[in-house]
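Descriptive structure summary
Now for the letters of each chain:
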Amino acid sequence: MNISLVKIITQHTVSHLKCPVAGRVPEPIQITANTSQRSVSSSRRNWFKNMSPNTSATYFVGVDVGTGSARAALVATDGRVVEQAVEAIKTWTPEPHYYEQSSTDIWRAICKVVKLVTADVSEQQVKGIGFDATCSLVILGDSGAPLTVSKSGVEEQNIILWMDHRAEQETAEINATKHPLLQYVGGQVSLEMEIPKLLWLKRHLPTTYEGIWRAFDLPDFLTWRATETDTRSLCSVVCKWNYDAAAHCWNEEYLRAADLEELTRNKCSALGSDVQPPGKPVGKGLSQRAASELGLEMGTVVSTSLIDAHAGALGMFGCRGYDKKQTGANHDNIQGKMALIAGTSTCHMSITRDACFAQGIWGPYQDAIIPGYFLNEGGQSIAGHLLDHVLKTHESYAELKQEFGEDKYIYQHLNKLLCELANQRGHSDVNLLTQDIHVWPDLHGNRSPVADATLRGMLTGIDMTRGVESLAIKYLAFTQALAYGTRHIIENLYEHKRSAFHTLLFCGGLAKNPLYVQCHADICNLPVLIPDEQEMVLVGAAALGAAASGHYDSLESASKAMGGTGQLLEPNQLTVELHNRKYSVFLKLLEHQRQYRDIMQGKI
């Protein structure tokens, strides 16, 4: 990032301000998850206020269940978010690496936010609803009642959250089978996927395991709860459950090899026998019960679901520059786009017409987002959570919290301070502040492309500096490391013959951080497209409803119609050589960590 220029990302534009920036940098409206709120961006609010009352206007509802909250949005046919609301959901952490939630609590939160966003329109104007959620494991017993996944035995706690790492041993055992189906998950299943967690239940909570009526991915639970029809989305089952998309069935041999033979009973009914691509109507739409709870019309079309990050990718794949001059021949080429859904964790999504098998990268998943394309999915288990950890564990955090209040203002201050430090030290670029400081960022293990949950973080080059300046430098180094991790994923795909990317797209909380976004552009040496509508996960969920209702003739058409426009940020060519050198050190850190482990284990 050139120190004479800070690129401040707002929800609708990227403006250039000289560095250092005086005062606090304005940020887009952000929704906190501590209470139920209605919110709408200023331009959307003005648009909605200036609209003539139109009882024939068509809207879609997108529902997104993230790690800490449930959100809903009322979305117009062109992808504009008219209203949105958020409600916190509960998470229990009974011991380290164990994270549990409640399907009852989540549905309660969904009903609340859907009623809020649809309060000003008639039931008839909402033509479809789409759900996305984290890839968390939901367990139901007889009659759909919650069945505990907790050692505490509390029935309400019937969800193992996606980031739960309790099934490490079971994951290793499944990978040791080297079953051919594992080629579709980069060669090995992740402990964040559902099959290892089911095996953990069998080993540690046999009463729960034996009582399973249905085991759902959370997005599929939501469509079942809304329609009372058990239809699974190909997205969830192929990406997180090792469903055999090529054969269009559950692979019973694989389940037996994983010691889960019981799940093959009754044609794998516990896992779901009706599997459909995303964007297809489920059953007869909203049931009478769900319609009453949501405040919508019975029979409103409900779409097959997506995982939350995949919904964000769906929304962003259709995003384009303001005019074709910005993106040239790549204007509508969705195969050259990598969508980064960057929040607590980061997911790296890309699709191709031809399958790409890449070691350590999940996929290729056939038809998992848009029919006719194969999905490759990389990711970082902690991203925003990592930067928050760096911030909140530093000795200066309490002082900064008192001075600036919300964390977003602290990050703005750090971004400004980095520019000042670079000027003071005579550097031509902010990135030179860390030329001797290097980070391997996997404090919670590596999801992609190394696929090793036992890896841990590394930091080299620290000195005796204390105070806020030391925090700013450390924050920069960790932000760069996340971008080097993205480059690692991209180069791994290239090594496996994937066609070149031409654009990175961002949504999520970290997309609002200019340092994070510009580091990615510079380090990956790729232009970045920032959608004007930052709530692209909600837009993607609404696009599901738009396709399922028949308003658009395909999911790809819905994505292009609702993806909107965005502004392009170019990489800084003056930092290419610096980042090439630092990236070489980044890879050495991985090599050295493995060597240190071998030394301590007496292998060398």
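Residues numbered from 1 in each chain as written. Predicted model: local features only at pLDDT ≥ 70, side-chain atom pairs only at ≥ 80, totals over all residues. Heavy atoms only, no water.

Overview of the overall build of the protein
Applied cut-off: Where helices and strands are cited, they refer to DSSP runs of H or I of at least four residues and of E of at least two residues respectively, numbered from the N terminus. Throughout, exposure labels follow a simple rule: accessible area from a 1.4 Å probe, protein chains only, divided by the maximum for the residue type, with under 20% read as buried, over 50% as exposed, and the rest as partly exposed. Throughout, a contact is declared for two residues whenever any of their heavy atoms are within 4.5 Å.
Scanning the protein from N- to C-terminus turns up 20 helices and 25 strands. Here the protein holds 604 residues, and the buried ones make up 61% of them. Considering only contacts within the protein whose residues lie at least 6 apart along the sequence, 72% involve residues at least 24 apart.

Some details on the confidence of the model for the protein
Worth spelling out the cut-off: Looking at any residue, its pLDDT shows the predictor's confidence there, from 0 to 100.
Taken over all residues, the pLDDT of the protein has a mean of 90, while the share at 70 or more is 89%. Predicted confidence for residues 40-53 stays below pLDDT 50, and this span has 23 contacts to residues more than four positions away or in other chains.

Some thoughts on the sheet that holds strand S24 (residues 528-531)
The line we're drawing: Being paired, for any two strands, means DSSP has found at least two bridges between them. In this analysis an axis means a line fitted to C-alpha atoms, helices contributing only their contacting stretch, and an angle means the value between N-to-C directions, from 0 to 180 degrees.
Spatially, S16-S25-S24-S23-S17-S18-S20-S19 is the arrangement adopted by the 8 strands of the open sheet, whose pairing is mixed. Pairing within the sheet leaves two strands with one partner each, and these edge strands are strand S16 (320-321) and strand S19 (362-366). One ladder, built from 2 bridges, connects S16 with strand S25 (residues 565-569); its direction is parallel. Paired with glycine 321 across the bridge in S25 is glycine 566. Against the sheet, helix H11 (residues 308-317) touches strand S17 (337-342), strand S18 (346-352), strand S20 (374-380), strand S23 (503-507) and S24, its axis set at about 135 degrees to S17.

Focus: a nonpolar patch on the surface
We count it as follows: Patches were defined on residues exceeding 30% relative accessible area and lacking a salt bridge, with like-charge contacts within 9 Å and nonpolar side-chain contacts (Val, Leu, Ile, Met, Phe, Trp, Tyr) within 5 Å. Surface exposure here means Shrake-Rupley accessible area, sampled with a 1.4 Å probe, where a residue is shielded only by the protein chains that are shown. We count a salt bridge whenever a side-chain nitrogen from Lys or Arg sits within 4 Å of a carboxyl oxygen from Asp or Glu.
Side chains of Tyr596, Ile599, Met600 and Ile604 sit close together on the surface and give an oily, nonpolar patch of about 500 Å² of accessible area. Inspection of the secondary structure assignment puts isoleucine 604 in the segment after helix H20 (576-600). Using a relative accessible area of 65% as the deciding quantity, one classes isoleucine 604 as exposed.

Observations regarding the environment of phenylalanine 478
Looking at the element boundaries, phenylalanine 478 is found in helix H16 (residues 468-495). Remark: the alpha-carbon pair of phenylalanine 478 and leucine 386, spanning 92 residues in sequence, is separated by 8.1 Å. Residues in contact with phenylalanine 478, not counting those within four places in the same chain, are Leu386, Leu387, Val390, Val439 and Leu443.

Considering the sheet that holds strand S7 (residues 100-101)
An order of S7-S10-S9-S11 is seen for the 4 strands of this open sheet, with the pairing classed as antiparallel. The outermost strands of the open sheet, each flanked by one partner alone, are S7 and strand S11 (214-217). As paired strands, strand S9 (residues 137-140) and strand S10 (residues 159-160) are joined by 2 bridges and run antiparallel to one another. For leucine 137, the partnering residue across the bridge sits in S10 and is isoleucine 160. Its contacts with the sheet put helix H4 (residues 194-204) on S9, S10 and S11, and the angle it makes with S9 is roughly 45 degrees. Docked against the sheet, helix H6 (residues 218-227) engages S9, S10 and S11, running at close to 110 degrees with respect to S11.

What about the packing of aromatic side chains?
We apply this condition: Note on ring pairs: Phe, Tyr and Trp rings are taken, using the six-membered ring of Trp, and paired if centres are within 6.5 Å. Classes follow the plane angle, with under 30 degrees stacked, over 60 edge-to-face and the rest tilted. In this scheme, Lys NZ or Arg CZ marks a charge over a ring once it lies within 6 Å of the ring centre and within 35 degrees of the ring normal.
A complete count under the given rule lists 16 aromatic pairs for this structure. Taking the centre distance of 6.0 Å and the plane angle of 35 degrees together, the rings of tyrosine 494 and phenylalanine 501 count as tilted. Its relative accessible area of 33% is what places tyrosine 494 among the partly exposed residues. In textbook terms, an aromatic cluster arises when at least three aromatic residues are bridged by ring pairs, as seen for Trp213, Phe216, Phe221 and Trp224. Residue placement shows arginine 214 over the ring face of tryptophan 213; its charged tip is 4.4 Å from the ring centre. Residue placement shows arginine 353 over the ring face of tyrosine 373; its charged tip is 3.9 Å from the ring centre.

Digging into the environment of leucine 263
As for its placement among the helices and strands, leucine 263 is situated in the loop between helix H8 (252-257) and helix H9 (265-268). With 53 residues separating them in the primary sequence, leucine 263 and glutamate 210 have C-alpha atoms 9.8 Å apart. Leucine 263 has contacts with Leu198, Tyr209, Cys268, Ala270 and Leu271, leaving out every residue within four places of it along the chain.

Overview of the packing of helix H18 (residues 536-548) against helix H19 (residues 555-562)
Note the threshold: Any angle between 65 and 115 degrees counts as roughly perpendicular, while under 35 counts as roughly parallel, over 145 as roughly antiparallel, and the rest as oblique. In this scheme the crossing of two helices becomes right-handed for a clockwise turn of the near helix relative to the far one and left-handed for an anticlockwise turn of less than a right angle. Think of it as three bins: nonpolar holds Ala, Val, Leu, Ile, Met, Phe, Trp, Tyr, Cys and Pro, charged holds Asp, Glu, Lys and Arg, and polar takes everything else, Gly as well.
The N-to-C vectors of H18 and H19 enclose an angle of 130 degrees; their axes lie 9 Å apart at closest approach. Taken together, the axes of H18 and H19 are oblique relative to one another. Once H18 is placed against H19, the crossing between them reads as right-handed. In this structure, H18 uses Val539, Ala542, Ala543, Leu544, Ala546 and Ala547 to contact H19, whose residues at the interface are Leu555, Ala558 and Met562. A breakdown of the residues in the contact of H18 with H19 according to their chemical character gives 9 nonpolar, no polar and no charged.

Examining the packing of helix H13 (residues 384-392) against H16
One way to put it is that H13 packs onto H16 with a least axis distance of 10 Å and a crossing angle of 165 degrees. For the element pair H13 / H16, the angle class is roughly antiparallel. Regarding H13 and H16, the two cross each other, and that crossing is right-handed. In contact with Leu386, Leu387, Val390 and Leu391 of H13, H16 contributes Leu471, Lys474, Tyr475, Phe478, Thr479 and Leu482. For the contact of H13 with H16, the class distribution of residues is 8 nonpolar, 1 polar and 1 charged.

Brief notes about unusual backbone geometry
Trans is the prevailing form of peptide bonds, just as negative phi is the prevailing case for residues other than glycine. Of note, the amide linkage connecting glycine 363 to proline 364 takes the cis form, showing an omega dihedral of 5 degrees. On the secondary structure map, proline 364 appears in strand S19. Proline 449 follows serine 448 through a cis peptide bond whose omega is -5 degrees. Structurally, proline 449 can be placed in the loop between strand S21 (438-440) and strand S22 (458-460). Even without being glycine, serine 143 reaches a positive phi, approximately 60 degrees. In this fold, serine 143 is placed in the loop between S9 and S10. Even without a glycine there, the phi angle at asparagine 266 is positive, about 50 degrees.

Regarding helix H15 (residues 407-424)
The cut-off we apply is this: For a helix, the expected span equals 1.5 Å multiplied by the residue count minus one.
In a regular helix each residue adds 1.5 Å, so 18 residues correspond to 26 Å; H15 covers 25 Å between its end C-alpha atoms and thus fits that length. Positive phi appears at glycine 426, one or two residues downstream of H15, with a value of about 75 degrees.

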